Amino acid sequence: MKTTEFNREIPYNNLPALPPNAEIETKKVLLKAISASRALAQLNGALTNLPNPHLFLDAIHVQEAKTSSEIENIITTNDDLYKSLVADRKLENQATKEVLFYKEALWMGLESLNKKPFITTNLCIEIVQCIKKSTAGIRVTPGTKLANSMGEVVYTPPSGEDVIWEKLSNLEKFINENTSFDPLIKMAVMHYQFEAIHPFADGNGRTGRIMLLLFLKMERLLDIPAIYLSDYIIRNKTEYYKRLRNVTENGQWEDFILYMLEMVETTAVKGLNRLQQITELMEEMSVQIKTAIPKVFSKELVEVIFRLPYTKRQFLIEAGLGTPKTVGNYLIELENRGFLKSVKVGKEKLYLNFRLMEILETA
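### Overview of the environment of Arg206
- With respect to the secondary-structure elements, Arg206 resides in helix H8 (residues 204–218).
- Separated by 54 residues in sequence, Arg206 and Glu152 have C-alpha atoms that sit 23 Å apart.
- Once residues lying within four places of it in the same chain are set aside, the contact partners of Arg206 are Ser68, Ser69, Glu72, Ile74, Glu98, Tyr102, Ile131 and Lys132.

### Observations concerning the pairing of strand E4 (residues 341–345)
- Across five bridges, the pairing between E4 and strand E5 (residues 348–352) is antiparallel. Within the sheet, the bridge partner assigned to Lys341 lies in E5 and is Leu352.
- Between E4 and E5, which pair antiparallel and follow one another directly, the connecting turn spans two residues, one of which, Gly346, has a positive phi of 65°.

### With respect to the sheet that holds strand E3 (residues 310–311)
- The three strands are arranged E3-E5-E4 in an open sheet whose pairing can be described as antiparallel. Of all the strands in the sheet, the pair left with one neighbour each is E3 and E4.
- Judged from the two bridges that link them, E3 and E5 form a sheet pairing that is antiparallel. Bridge pairing in E5 links Tyr310 to Leu352.

### Points about the side chain of Asp231
- Along the chain, Asp231 falls in helix H9 (residues 229–235).
- Residue classification places Asp231 among the buried residues on the basis of a relative accessible area of 10%.
- A distance of 3.0 Å separates polar atoms of two side chains, one belonging to Asp231 and the other to Arg235.
- Sequence-distant contacts of Asp231, that is, excluding residues within four places in its chain, are made with Thr67 and Lys270.

### With respect to the confidence of the model for the protein
- Of the residues in the protein, 97% have a pLDDT of 70 or more, and the chain-wide mean is 92.
- Per-element averaging of pLDDT across the protein places helix H2 (residues 57–71) at the bottom with 84 and helix H7 (residues 183–197) at the top with 98.

### Section: the layout of surface pockets
- Put simply, the largest pocket is a space of about 860 Å³.
- Here the lining of the largest pocket gets nine residues from one element, more than from any other, and that element is helix H10 (residues 237–250).
- Broken down by class, the residue content of the lining of the largest pocket amounts to 13 nonpolar, nine polar and nine charged.

### Considering the packing of helix H6 (residues 161–177) against H7
- Remark: H6 packs on H7, axes separated minimally by 11 Å, with the N-to-C direction vectors making an angle of 170°. By the angle between their directions, the pair H6 and H7 is classed as roughly antiparallel. Every residue of H7 that contacts H6 at Ile164, Lys167, Leu168, Asn170, Leu171, Phe174, Ile175 and Asn176 is listed here: Lys186, Val189, Met190, Gln193, Phe194 and Ile197.
- Broken down by class, the residue content of the contact of H6 with H7 amounts to nine nonpolar, three polar and two charged.

### So, the pattern of salt bridges
- Using the criterion set out here, one finds 18 salt bridges in the structure.
- Lys66 is the partner of Glu70 in a salt bridge, and the nearest nitrogen-oxygen pair spans 2.6 Å. Residue Glu70 and its partner Lys66 are located together in helix H2, separated by four residues, close to a single helical turn.
- Look at Glu70 and you get buried, because its relative accessible area is 18%.
- Residue Asp231 pairs with Arg235 through a salt bridge whose shortest N-O separation is 3.0 Å. Residue Asp231 and its partner Arg235 are located together in helix H9, separated by four residues, close to a single helical turn.

Criteria and cut-off values
- Residues numbered from 1 in each chain as written.
- Predicted model: local features only at pLDDT ≥ 70, side-chain atom pairs only at ≥ 80, totals over all residues.
- Heavy atoms only, no water.
- Helix = DSSP H or I, 4+ residues; strand = E, 2+ residues; numbered from the N terminus.
- Contact = heavy atoms within 4.5 Å.
- Pairing = 2+ DSSP bridges.
- Buried < 20%, exposed > 50% of the residue type's maximum accessible area, 1.4 Å probe, protein only.
- Polar contact = N/O pair within 3.5 Å; in protein donor to acceptor, adjacent residues only side chain to side chain.
- pLDDT = per-residue confidence, 0-100.
- 1 Å grid on protein atoms, 1.4 Å probe; cavity = no way out; pocket = protein on both sides within 12 Å on 5 of 7 lines; lining within 4 Å.
- Points joined across faces, edges and corners; volume = space filled by probe spheres on them.
- Nonpolar A, V, L, I, M, F, W, Y, C, P; charged D, E, K, R; others polar.
- Axes fitted to C-alpha atoms, helices over the stretch in contact; angles between N-to-C directions.
- Parallel < 35°, antiparallel > 145°, perpendicular 65-115°, else oblique.
- Salt bridge = Lys/Arg side-chain N within 4 Å of Asp/Glu carboxyl O.

Right under this line is the structure:
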């Protein structure tokens, strides 16, 4: 169904309210929703069955933050990111700072859901303010236009503070009150609408992708949102924007929803494989450390060196593994036996679990 009233150069104040006045739960979409839900359930089961299901969350959320930021051409390296999380020195790279702001915003959103299980406009504002480290709110200045790499306008979002608030209010009601759709299909519709409203001057894409993770948790589809959804988008970026525009210009909901469901299924399967690789490596290294240096081995020590690729003496002290001198000797011994590699960051010495980093780099 073609959207005849749309003009790329004119603010899309006629963006239809939700739910869509179209058939979105087609047979194709429902079948895909079943397989995507099954993949998510398998990942959720694997995460919740871990002895410590929160162990890998930091590393996984950093990866999601990095990839989501890459979509906005904010580029940094895994090495810089993980060093920055662990080292005492101040961050110097602006891209690294922005990625870590994203991770902070994601954690803030998850904490908010633990207190109040709703995704609200105010929460979205808090998220974008955390990402941008500003007090900016809803767009009030007219003239926002989205252009492609050639400088051609491809979309002009709704304009006018009252109009934007009205559309966000409708979106909030749809997210939290509408129960007539399959949750994953609803998530796809929610995502399109948020991106079409484009409520902020900057940070809309990153906020919209955080909302996806929050929604999965809110709907109990993924109790521990350890998944890199942005990885699929950046690998299929052109198709993502093409299908978004096709909903706006031609009412082609089915193709966009199928894209989003494929994103969920693909990343859930990859997430499960990555989780299995990390847990297998953790078990293998536990046996190796226990055999090679039994006086150093403990379950708690292995968990510390697997929480993030980089660790340091202070982390072992905080885990109650011994005095500064004792845990320093543990780390030296782990390096001497080939389990870790040390690196100087300023005056500080960090220790890299390089085999864990390899999995995170190639996943």
